[in-house]
Amino acid sequence: QQQVKQSPQSLIVQKGGISIINCAYENTAFDYFPWYQQFPGKGPALLIAIRPDVSEKKEGRFTISFNKSAKQFSLHIMDSQPGDSATYFCAASPTGGGNKLTFGTGTQLKVEL
Amino acid sequence: DTAVSQTPKYLVTQMGNDKSIKCEQNLGHDTMYWYKQDSKKFLKIMFSYNNKELIINETVPNRFSPKSPDKAHLNLHINSLELGDSAVYFCASSHHDQMNTEAFFGQGTRLTVV
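Residues numbered from 1 in each chain as written. Chains lettered and ligands numbered in written order. Predicted model: local features only at pLDDT ≥ 70, side-chain atom pairs only at ≥ 80, totals over all residues. Heavy atoms only, no water.

1. Here's the deal with the state of the cysteines
Residues and elements named next belong to chain A. What the rule picks out here adds up to two disulfides over all chains. A sulfur-sulfur separation of 1.9 Å characterises the disulfide bridge that pairs Cys23 with Cys90. Its torsion about the S-S bond being -95°, the disulfide of Cys23 and Cys90 is classed as left-handed. Note that Cys23 is positioned in strand 3 (residues 19-25) and Cys90 in strand 9 (residues 86-94), a separation of 67 residues in sequence. For Cys90, a relative accessible area of 0% gives the class buried. (Disulfide = S-S within 2.5 Å. Helix = DSSP H or I, 4+ residues; strand = E, 2+ residues; numbered from the N terminus. Buried < 20%, exposed > 50% of the residue type's maximum accessible area, 1.4 Å probe, protein only.)

Here it is as structure tokens:
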């Protein structure tokens, strides 16, 4: 059972465009929602994270939108750049869960010139 | 300075062998993890240790045995390797608190069982 569902599986965006990746979760105990970025041959690295007490968080070109009632959250990458080409994972974990991250299935983003 | 370091980066071995992957973190974190990333890039937690105590143990074959000699190290020993164990294994670390904090990942160990 996939507790965090992520879409799309792959995404091609033109340079300067907006990349949007969506995730949905089932476990209502989840209350921490990070996004990780992974480049080939590297480990995942935290990009941005949100807690359910806010509906949006922005850091530079990256924004998380969070809809608690729908149990959905999404990552928006504004002004996408070729250097953003990577695999993006949404994740979720519950408070007191030992920081156990449940990951989505990943989205391979390619930003073309 | 590498925050979470794993060795080796690549490991090719035959079925039936026993192998170990080492992990060390210099971030002063009290919690360490092992994650497995399969060929479809799906990441799944295997184990978590807090201050050398096992706190998360997902449904992992008992051929996998983590060992934490101190809170800066978490090694993974795998007995009787099988073809299906081929994957990238990531070590990670974080502070263990009630509010969840960033987990820092190592570079990964690509294990290939032939």
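Picking up after the structure, the text goes on.
2. Things to note about the sheet that holds strand 3 (residues 19-25) of chain B
Residue and element names in this part refer to chain B. With antiparallel pairing, four strands are arranged side by side in an open sheet as 1-3-8-7. Edge positions in the sheet fall to strand 1 (4-7) and strand 7 (64-70), since each has one partner strand and no second. When strand polarity is set aside, the average angle formed by the axes of neighbouring strands in this sheet is 20°. Note that strand 1 and strand 3 share four bridges and pair antiparallel. Opposite Gln6, over in strand 3, you have Cys23 as the bridge partner. (Pairing = 2+ DSSP bridges. Axes fitted to C-alpha atoms, helices over the stretch in contact; angles between N-to-C directions.)

3. Details of the pairing of strand 11 (residues 109-113) of chain B
Residues and elements named next belong to chain B. Burial of strand 11 is one-sided: the residues Thr109, Leu111 and Val113 facing one way are buried, the residues Arg110 and Thr112 facing the other way are not. Strand direction decides the pairing type here: strand 2 (residues 10-13) and strand 11, joined by four bridges, are parallel. Within strand 11, the position partnered with Val12 by the bridge is Thr112. Summarising the sheet, strand 9 (residues 87-94) and strand 11 pair through three bridges and their orientation is antiparallel. By the bridge assignment, Tyr89 is partnered in strand 11 with Thr109.

4. Some details on the interface of chain B and chain A
Tallying the contact residues gives 26 residues for chain B and 26 residues for chain A. Together, the buried faces of chain B and chain A total about 2000 Å²; carbon and sulfur atoms form 49% of this surface. Close ionic contact of Lys100(A) with Glu58(B) constitutes a salt bridge, the shortest N to O distance being 3.0 Å. At the surface where chain B touches chain A, the tally comes to six residue pairs in polar contact (both at pLDDT 80 or more). (Contact = heavy atoms within 4.5 Å. Buried area = accessible area lost by both parts, 1.4 Å probe. Salt bridge = Lys/Arg side-chain N within 4 Å of Asp/Glu carboxyl O. Polar contact = N/O pair within 3.5 Å; in protein donor to acceptor, adjacent residues only side chain to side chain.)

5. A look at unusual backbone geometry
For the bond running from Ser7(A) to Pro8(A), omega is 0°, close enough to zero to count as cis. Mapped onto the fold, Pro8(A) is located in the loop between strand 1 (4-7) and strand 2 (10-14). Each neighbour pair has its own omega, and for Thr7(B) with Pro8(B) the value is -5°, a cis peptide bond. Relative to the helices and strands, Pro8(B) is located in the loop between strand 1 and strand 2. Of note, Asp79(A) is a non-glycine position whose phi angle comes to about 45°, a positive value. Looking at the element boundaries, Asp79(A) is found in the loop between strand 8 (72-77) and strand 9.

6. A closer look at the nonpolar core
A general feature of soluble globular proteins is that nonpolar side chains tend to end up buried together. The biggest cluster of nonpolar side chains holds 24 residues, and the ones touching the most others in it are Phe33(A), Trp35(A), Phe73(A), Leu75(A) and Tyr88(A). Within the residue set of this core, elements represented by two or more residues are strand 2, strand 3, strand 4 (30-38), strand 5 (45-50), strand 7 (62-67), strand 8, strand 9 and strand 11 (107-112) of chain A. When residues in this core are grouped by element, the largest group, four residues, is from strand 9 of chain A. Each residue touching Leu75(A), except ones within four places of it in the same chain, is listed here: Ser19(A), Ile20(A), Ile21(A), Trp35(A), Leu47(A), Ile48(A), Phe62(A), Thr63(A) and Tyr88(A). Grouped together as the second largest cluster of nonpolar side chains are 20 residues, Met32(B), Ile78(B), Ala87(B) and Leu111(B) included. (Core = buried A, V, L, I, M, F, W, Y, C linked by side-chain atoms within 4.5 Å.)

7. Topic: the sheet that holds strand 3 of chain A
All names here are of chain A. The strand order across the open sheet formed by five strands is 1-3-8-7-6, and the pairing between neighbours is antiparallel. Whereas interior strands pair on both sides, the edge strands pair on one side only; in this sheet they are strand 1 and strand 6 (56-59). Geometrically, the sheet is characterised by an average inter-axis angle of 15° between neighbouring strands, direction not taken into account.

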